[in-house]
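# Structure at a glance
The lines below spell out each chain.
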Amino acid sequence: MRGRKILLLCAVCMALSGCQGAQKEEEKTSIRIGISLYRGDDTFINNIRSVLEERAKEYERENGIKVTLDIQDAKGSQNTQNNQVERFISLGCDVLCVNLVDRMDASVIIDKAMTAGVPVVFFNRQPVEEDMNRWDQLYYIGVDAKETAVLQGQMVVDLYTDRPEAVDINGDGVVGYVLLEGESSHQDSLIRTEWSIQTLKDGGVPIEKITGGIANWERSQASALMEQWLAAYKNDIELVVSNNDDMALGAIDALERAGAVEVNVVGIDGTTPGLEALENGKMLGTVSANKEVYASAILELAASCAMGQKPPQEYPLTDGAYYWAPQEILVYEDIEENQ
Ligand code: BGC
């Protein structure tokens, strides 16, 4: 359980009901939301950003409240992000949405936000619990990493149960796999890796790890790694388990170059290029986060904070602070059937 402590006097006066970081004024007619992205060139984050922008327009139309989104790219620098947050506060933002660069280093942002009384909705890169517990106006929106991983493993288990020869391509009774991992400091990487492989084992797929490596969520890094692995173990690799779609796409790039397109590749995210690869039969499957719900939850929660209202009921918060967006398995065969 999240033992939130009401530590400071200012927190006491803000804790009256729901999101009350913004001063309760008469009726607000406009709100300003400061959004900082850890890297604007991240494919998944870009997908979320697009939906956020759409949802802000919809919110304006539905509620007659003008919404100004100030979106900044921290370009992988925590220092830059801290400065962006400072600027958002000085510009009078009512709420902040922060996709942390370094999830272990949220304290400067939290200090600034608490001092100014501006609530923060973190997303995708989860602050450590100790930081989250510092104030009751801190929220986190993301997907449950274990759930993602179990779904990813399950899609391979299902295929193996149905048609083992589609997974054990060389028919030797063992499925040789390689593993592409995201940033080592990201909460999703470790959990996804652990539970994906555990699910394959529990589901009776006779897997054997050929090799693995960290490609930091990036397509080009994954492609380079996969190229090396193919040079060393081309005939043993039957499955690529990737922590996200972009790295899965990098692996596919290398597989295509090596003429090894029969190898199965599974990703995570359901990004636009990931879904395209699925439709073209290049990727076996992905675990798709529902981006509509994910981004809507960020926007609606942020807007309620900005308006001094209670958090929206459609997005129930675990321990009063965490919302986990739904996700689903998408496999090539479903797409074939729906066409
Ligand atoms: C996504 C990755 C993304 C990363 C950024 C992960 O949850 O699966 O695609 O690069 O978040 O933080």
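Higher on the page you've got the structure.
The sections below set out a description of the structure shown in this document. (Residues numbered from 1 in each chain as written. Predicted model: local features only at pLDDT ≥ 70, side-chain atom pairs only at ≥ 80, totals over all residues. Heavy atoms only, no water.)

## Some details on the side chain of Lys291
Stated precisely, the cut-off is as follows: For the purposes of this entry, the term helix denotes a DSSP run of H or I that reaches at least four residues, the term strand denotes a run of E that reaches at least two, and both are numbered from the N terminus. Per-residue accessibility, obtained with a 1.4 Å probe over protein chains only, is compared with the maximum for each type, and a residue is labelled buried under 20%, exposed over 50%, and partly exposed between these values. None of His or the chain ends enter the tally, which takes Lys and Arg as positive and Asp and Glu as negative. Throughout this description, the term salt bridge denotes a Lys or Arg side-chain nitrogen within 4 Å of a carboxyl oxygen of Asp or Glu. N or O atoms closer than or at 3.5 Å make up a polar contact, with two conditions inside protein: a donor-capable atom paired with an acceptor-capable one, and, for residues adjacent in sequence, both atoms drawn from side chains.
In this structure, Lys291 sits in helix H12 (residues 291-307). For the buried Lys291, no salt bridge exists, and the shortest N-O distance to an oppositely charged side chain is 6.7 Å, to Asp245. One polar contact links Lys291 to Ser288, side chain to side chain, over a distance of 3.3 Å.

## Focus on the side chain of Ser189
In plain terms, the rule: We call two residues in contact when some of their heavy atoms are within 4.5 Å.
Mapped onto the elements, Ser189 comes out in helix H8 (residues 187-202). Leave out the neighbours within four places in its chain, and Ser189 touches Gly182, Glu183, Trp217 and Asn243.

## Brief notes about the sheet that holds strand S6 (residues 175-181)
Our working definition: Strands are treated as partners if at least two bridges between them are detected by DSSP. Axis definition: a line fitted to C-alpha atoms, limited for helices to the stretch in contact. Angles are taken between N-to-C directions and run from 0 to 180 degrees.
Strands sit in the order S7-S6-S8-S9-S10-S12 across an open sheet of six strands; the sheet is mixed. In this open sheet, the two edge strands, each paired with only one partner strand, are strand S7 (207-214) and strand S12 (327-331). Within this sheet the neighbouring strands show an average axis-to-axis angle of 15 degrees, counted without direction. Note: strand S8 (residues 239-242) against strand S9 (residues 264-269), three bridges, orientation parallel. In the sheet register, Val240 faces S9, and the bridge partner there is Val265. Against the sheet, helix H6 (residues 145-162) contacts S6, S8, S9, strand S10 (285-289) and S12, and its axis sits at roughly 30 degrees relative to S12.

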